[in-house]
Structures are given as C-alpha cells and as structure tokens.
Amino acid sequence: MISEEIGSKASKGTKAMNEVKVIEKDRKAVSELLVKKKISPMRKMYIAKLIGRCIVLIGCICFGVLRPQEFTVLRDFTGRFSVLHILWGLWMFDMLLQLVFVKKHVPLGSQKLFRQRYIPVAGGFDGHGLREYIRARTKSAYQVFLIYGLGIAVLGLLKKFDVLGDIALLVICAAFYVCDLICVLIWCPFRIFMKTRCCTECRIFNWDHLMMFSPLFFVDGFYARSLVTMAVGVFLLWEYSIMAYPERFWEHSNEALKCSGCTDKLCSQYCGKQKIG
C-alpha cells in the first residue's frame, strides 16, 4: 500500500517535471522567435524613410494635378521658391552620403567601397575565387543595366512624342524613389538576376540613384541635369571601387559582409535564407 502511494507520487512528480521542461522549452522557443523578429535600428530607420518617400510621391502627384506651377523649377531653378527645391536638396544630400565615408546611419551595403568598412578575413582569401565572383556578378549587373536601360528608353520615346511631359517624368522618379526602399525592405526583383543573399553584399546597391533619376535624362534645366550628374558620379565611383578594390565586395575576402558580422539587419526578410540560384 505504502509502496503504491510512493510510486504514485513519484509518477506525479515525474509528470510535473516533464511539464516544466515542456514549458521551459516553449518559453525558450518564443524568446528565440522574438529575438529573430526584433527590428534593428537600421531597419526601423528605413521603414520610416519608406513612409516619408510615400508621402513625397503622394505630394508630387497632388502638386502635379493641383499646383503644376510648382514644377517650373525644372526649367528655372533660380526663379520662385518651390517645395521641389527642398526635395532637390534632400536628394543631393542622399547622394553625398554615398560619396564619403559615414560611420553611422548609412548601411554597410552602401559603404562597403570604403577602406574603413573592410575587415580582411583570417588567413587570406582565394584570388582566383574573387576574380570569378566579380566577373560573374558584373555580368549579371550589366544584364540588369541593359534591361533597365531599355525600359528608360521607352520613357524617352514617350517624352519625344509628347505622351509624357517633364512633370510626369519627375513623378515617375518619385515612384522609383519609393520602389527603391520596397526592394530593400520587402522584395527585390533584381535578386533574380544578381543571385545575391541580401543588400549587404549587393553588387548594385549604389546604383539606386542612377536608376531613380534616369527619367530625368530627358528633362532640360539645372534641376534635372544636376541630379543626373551627381547620380552618375556616385555610379562611377562605385564601379571604379569594384575594379580597384574587389576584395571589399566579397564576403570571403571581407569579414564585414558575412552574416555573422552583420549589425544592420536591414533586409532581415532574407536573413537565414540562401542565395537565389
């Protein structure tokens, strides 16, 4: 009788311990999930930027319909003040941040061309592997360049035949301004061509402004020409850096580009996923 009672209590105790273990396991799983889902400061900043860019796009559409006179700045930059002067200054400042080393608030994907962002891998790297990587990525990059360029050429034809005007082309730039961050935060179609893991190692990260302002190739005046010239300057510096310092752009030669060293967690929707292809 006594032995049965002891056995019953022991059984209950074991069951209770198992339940505690299950609860503890579930708690750890939930904790790990919360850590994984935690939004990094960089991603929070970019989400706020996306909201701001959506407001800019809506504003450009509204001004185009209700106050088209605001767009006279496209032809006469030094004339009457327009809110588009503020937008011009914002865009120029964004591009300036891609031309100089910035320690904070700019993602590694955009700043990896600079020496300060380069952390050599221990034991050196495979020179042949680096050359093959750069060759393959450059080939993919210029496939994107060609396809995108054909799309922009269509806009040029529409402008030539007066289907699109200067206002429409600037509104399209504002739409591209939004799409740029959609690619970063939600889904990027260029990953299909580039076969990259994430934004940090993206071969064309700093092509964003050239792609964004490409419709302005067909608009005369200082406003458009200055933005396009600055965007081309950012593009040329990026391409020169890839050719001159390729080791800064490959995760097997630059420790900073590895997932284990990532602090940005900017495009966390891709974290833990393999490269496409």
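Within every chain, residues take consecutive numbers counted from 1 along the sequence as written. Selection of residues for local features in this predicted model requires a pLDDT of at least 70, selection of side-chain atom pairs for listing and counting requires 80 or more, and totals for whole chains, interfaces and linings are taken over all residues. Excluding hydrogens and water, the side-chain values take into account all heavy atoms of the structure.

Draft legend 1. Local environment of the environment of Gly127. Within the secondary structure layout, Gly127 lies in helix H5 (residues 127-160). Accessibility here uses a 1.4 Å probe with only protein chains present; expressed as a share of the type maximum, an area under 20% marks a residue as buried, one over 50% as exposed, and anything in between as partly exposed. We classify Gly127 as partly exposed; its relative accessible area is 27%. Along the primary structure Gly127 and Glu247 are separated by 120 residues, whereas in three dimensions their C-alpha atoms are 8.8 Å apart. Runs of H or I in DSSP of at least four residues are treated as helices and runs of E of at least two as strands, each being numbered from the N terminus.

Draft legend 2. Quick peek at the packing of helix H2 (residues 41-66) against helix H6 (residues 166-185). Orientation is described by lines fitted to C-alpha atoms, with helices fitted over the stretch in contact, and by angles between N-to-C directions that extend from 0 to 180 degrees. Where H2 contacts H6, the two axes come as close as 9 Å, and the packing angle between them is 160°. Relative to H6, the element H2 is oriented roughly antiparallel. As for how H2 packs across H6, the hand of that crossing is left-handed. Contact with H2, carried on its side by Arg43, Tyr46, Ile47, Lys49, Leu50, Arg53, Cys54, Val56, Leu57, Cys60, Ile61 and Gly64, involves Ile167, Val171, Ala174, Ala175, Tyr177, Val178, Asp180, Leu181, Ile182, Val184 and Leu185 of H6 and no other residues of that element. Each angle is binned into one of four classes, with values under 35 degrees roughly parallel, values over 145 roughly antiparallel, values of 65 to 115 roughly perpendicular, and all other values oblique. Here is the rule for handedness: rotate from the far helix to the near one, and if that takes an anticlockwise turn smaller than a right angle the crossing is left-handed, while a clockwise turn gives right-handed. The contact rule is simple, with two residues in contact once any of their heavy atoms fall within 4.5 Å.

Draft legend 3. The arrangement of the packing of aromatic side chains in detail. Geometry of aromatic contacts follows a simple scheme: Phe, Tyr and Trp rings, the Trp one being its six-membered ring, pair when their centres are within 6.5 Å, and the pair is stacked under 30 degrees between planes, edge-to-face over 60, tilted otherwise. Summed over the entire model, instances satisfying the criterion amount to 15 aromatic pairs. Aromatic side chains Tyr148 and Phe176 sit 6.0 Å apart centroid to centroid with 55° between the ring planes, which places their arrangement in the tilted category. Placement of the pair is Tyr148 in helix H5 and Phe176 in helix H6, with a sequence separation of 28 residues. Ring-over charges, as used throughout, are those where CZ of Arg or NZ of Lys falls within 6 Å of the ring centre and within 35 degrees of the ring normal. One cation-aromatic arrangement involves Lys49 over Tyr46; the distance from NZ or CZ to the ring centre is 4.7 Å.

Draft legend 4. Highlighting the packing of H5 against helix H9 (residues 222-244). Between H5 and H9, the least distance of the axes is 12 Å, while the angle of their chain directions is 160°. Considering the angle they form, H5 stands roughly antiparallel to H9. Seen from above, H5 lies across H9 with left-handed handedness. Packed against H5, whose contacting residues are Ile134, Thr138, Tyr142 and Phe145, the element H9 presents Phe235, Glu239, Ile242 and Met243 at the interface. Split by residue class, the contact of H5 with H9 holds six nonpolar, one polar and one charged. Nonpolar residues are Ala, Val, Leu, Ile, Met, Phe, Trp, Tyr, Cys and Pro. Charged residues are Asp, Glu, Lys and Arg, and all others, Gly as well, are polar.

Draft legend 5. Region of the structure containing unusual backbone geometry. In this model, His105 sits at a positive phi of 70°, which is unusual for a non-glycine residue. Following the sequence through the fold, His105 ends up in the loop between helix H3 (83-96) and helix H4 (108-111). Take His105: its relative accessible area is 60%, and that puts it in the exposed class. For Lys265, which is not glycine, the phi torsion reads 45° and is therefore positive. Within the secondary structure, Lys265 sits in the segment after H9.

Draft legend 6. Main features of H2. Any helix carries an expected span of 1.5 Å times its number of residues minus one. Under the 1.5 Å per step criterion, the end-to-end length of H2 is 37 Å for 26 residues, consistent within 8% with the ideal 38 Å. Here H2 has its buried residues at Met42, Arg43, Tyr46, Leu50, Arg53, Val56, Leu57 and Cys60. On its buried side, H2 packs onto H3, H6 and helix H8 (208-213).

Draft legend 7. Geometry of the nonpolar core. Remark: nonpolar core denotes a set of buried residues (Ala, Val, Leu, Ile, Met, Phe, Trp, Tyr, Cys) joined through side-chain atoms within 4.5 Å. Formed by 63 residues in total, the largest nonpolar core has its most connected members in Trp91, Leu170, Phe213, Leu216, Tyr223 and Leu227. The dominant element in this core, judged by the number of residues it contributes, is H6, at 11 residues. Those residues in contact with Trp91, other than ones at most four positions away along the chain, are Leu170, Tyr177, Met212, Phe213, Tyr223 and Leu227.

These results come straight from atomic positions and should not be treated as a statement about function.
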